[in-house]
Amino acid sequence: MKNIFYLFLALLTCFSCKAQNLVNSEIIEDNENPKLVVGIVVDQMRYDYLTRFNNKYGEGGFKRLINEGFNCKNHHFNYIPTKTGPGHTSIYTGTTPKYHGIIGNDWFDKALSRNVNCVEDNEVTPVGTVSNDGKKSPHRMLATTVADENRLFNQMRAKTIGISLKHRGAILSAGHTANAAYWFDYEHNGEGNWITSSFYMDDLPKWVIDFNTSNAAEKYFIEWNTLFDINSYTESGSDLNTFERIFNGKETSTFPYDLKALKTENGNFDMIAVTPFGNSLTTDFAINAIDAEALGKDEITDVLTISYSSTDKVGHDFGPNSIEVQDTYLRLDLDLERLFNALDKKVGKGEYTVFLTSDHGAPNVPNFSISNKIPSGLFDESKMFDEMNSFLENKFKVSGLILSRINSQIYLNHEEINANNLDLEDVKEVLSLKLLEYRLIDKVYITSEINQFEEHDGYLETLLKNGHNQKRSGDILFVYNPEVFKDTPWNRTGTDHHSGFNYDTHVPLLFFGKGIIQGQTFKRTEVIDIAPTISALLGISFPNASIGQPLEFVFD
Ligand code: ZN
Ligand code: ZN
Ligand code: ZN
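Residues numbered from 1 in each chain as written. Chains lettered and ligands numbered in written order. Predicted model: local features only at pLDDT ≥ 70, side-chain atom pairs only at ≥ 80, totals over all residues. Heavy atoms only, no water.

In this section: the coordination of the zinc ion (ligand 2). On the protein side, the zinc ion (ligand 2) has Asp239 (O), Asp239 (OD), Glu244 (OE), Ser253 (O) and Glu324 (OE) as donor atoms, found 2.1 to 2.5 Å from it. Between consecutive donor residues of the zinc ion (ligand 2), the sequence gaps follow D-x4-E-x8-S-x70-E. Here Ser253 lies in the loop between strand S10 (223-224) and strand S11 (257-258) and Asp239 lies in the loop between S10 and S11, a separation of 14 residues in the sequence. A residue is classified by how much of its surface remains accessible, and Ser253, at 3% relative accessible area, is buried. (Donors = N, O, S within 2.8 Å, 3.2 Å for Na, K, Ca; no water. Helix = DSSP H or I, 4+ residues; strand = E, 2+ residues; numbered from the N terminus. Buried < 20%, exposed > 50% of the residue type's maximum accessible area, 1.4 Å probe, protein only.)

Below, the structure is given as structure tokens:
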């Protein structure tokens, strides 16, 4: 609106050169940067969800980004493991786990000798809850995010707000200097509230308390039926099949889902995340935040990061070929339209810049693949762990030589190895050869090899090296065959993600809004390029450990 006013002024005064110059220079100054950058991560969004569901998307959501913005169609993650914590961190820091240190959602902390969560922090206290879900901060993330650099550049006058149902989705995106990160109180018996931690503030602001007391989550416990006639969902498999999770209290994995009736038996408020309405709730909260936190209200660029978690939870439970997943995306499309309309109104059309991407994709459900003659399978890691510990005990006459297995990595007990005068490299070598005997394990690497990989050693090797952090990663890494992942009681239906294969690495990357041209490319782009692109757009420093390249072809 302001720009149109200046244009009008310029036209009025066009006979006065002096006046026109004055006005023009003012226009340029006013036009430099977007008032708000909105980073959107759609958790577990495969690239083909853009194309497969395209016919059923409306004009104001995904299609608006495609039709008016720039579509990077060959966009990939460049490391293993493709998981949520590393994904969000890599998007916003422009680097990989090798440098930013977030090597998984959880990993084995060698110093503490226990598994840690990527955002757990016992030094901070929960705000808005008493549950452990509030003891979270970004302190394990070693690098800065693009939002951090924006705050530093603007002498902390810029604002950063991170929002996601998942704590790691909110916290790792927003960075170390964020004004706030808000996430959903998942811990069992949580009250369906948005919370934060003392890392950011001592008390929730009034607007968050008001949002929480407005029954915002409760009102979404309604009937989940398909948005359109279920018979028109020809892009997905049939609703009734053996590949999907069945909610407690239900006989089949079929629509409609009476969420009110299913709620108590399925994790209470946690259940909202396994429905498309978790994304609607996130959108409601984000739209409230734009006003309440005064985002994009002045000339200093603010950053809002939104991560949609329900797509991941529904994906895990029902798999990529399910009507449940398709319906979740069609409903997310409407939520995005609602968000963009709110941004048009509150920040101004053309005054903000959006990027939309995902933190990883997902493979098909193994039994679905097998039913279509595609090699696949589930691997029992805990059985392997016991078998390998016994194997090493027989071989070296020392028990408990494996400390932990997590993220397709094995952590050896260095203390025991030293105490018994065993040769560490020898133990690694023996174990890695033994691991290769498992049918579903395709490759095994020991850390000393990974550290020496060069670019020309191969594609997979590069992905492993980028995901490997010398201080935090394990001693041995194994890689499954394509379409194989670890077997858990909750994985036998549905899907999981971790690998370096295309179904896990290929995700959407769309740019839209101020400073972005309309276009598309099949040129390969990588997760590490996103943050430097936003830095370049804003003219600010790249995140400190960024190794990506600005995608200059998206700029206006
Ligand atoms: Zn994820
Ligand atoms: Zn179903
Ligand atoms: Zn996931």
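This part is about the packing of aromatic side chains. By convention here, two paired aromatic rings are described through the distance between centres and the angle between planes. Tallying each qualifying case throughout the model produces 34 aromatic pairs. Measuring from ring centre to ring centre gives 5.7 Å for Phe221 and Phe269, while their planes differ by 85°; the resulting arrangement is edge-to-face. Within this pair, whereas Phe221 is found in the loop between helix H9 (206-213) and S10, its partner Phe269 is found in the loop between helix H10 (259-262) and helix H11 (277-292), the two being separated by 48 residues in sequence. A relative accessible area of 4% places Phe221 in the buried class. What makes Phe269 buried here is its relative accessible area of 11%. Taken together, the ring pairs in this structure connect Tyr182, Phe184, Trp194, Trp207, Phe211 and Phe285 into an aromatic cluster. Between Lys250 and the ring centre of Tyr257, over which it is positioned, the NZ or CZ distance is 5.0 Å. (Phe/Tyr/Trp six-rings, centres within 6.5 Å; stacked < 30°, edge-to-face > 60°. Lys NZ or Arg CZ within 6 Å of the ring centre and 35° of its normal.)

This part covers the pattern of salt bridges. Applying the stated criterion across every chain, the model contains 25 salt bridges. Glu68 is the partner of Arg64 in a salt bridge, and the nearest nitrogen-oxygen pair spans 3.8 Å. Of this pair, Arg64 and Glu68 both sit in helix H4 (residues 62-68), 4 residues apart, which is roughly one turn of that helix. Here Glu425 ties to Lys428 by a salt bridge, and the two come within 3.2 Å at their closest N and O atoms. A residue pair is termed a helical-turn pair when its members lie 3 or 4 positions apart in one helix, as Glu425 and Lys428 do in helix H17 (residues 424-435) at 3 residues. Taking relative accessible area as the criterion, Glu425 reaches 35% and is therefore assigned partly exposed. Three or more residues joined by partner-sharing salt bridges are found here, namely Asp43, Lys166 and Asp312. (Salt bridge = Lys/Arg side-chain N within 4 Å of Asp/Glu carboxyl O.)

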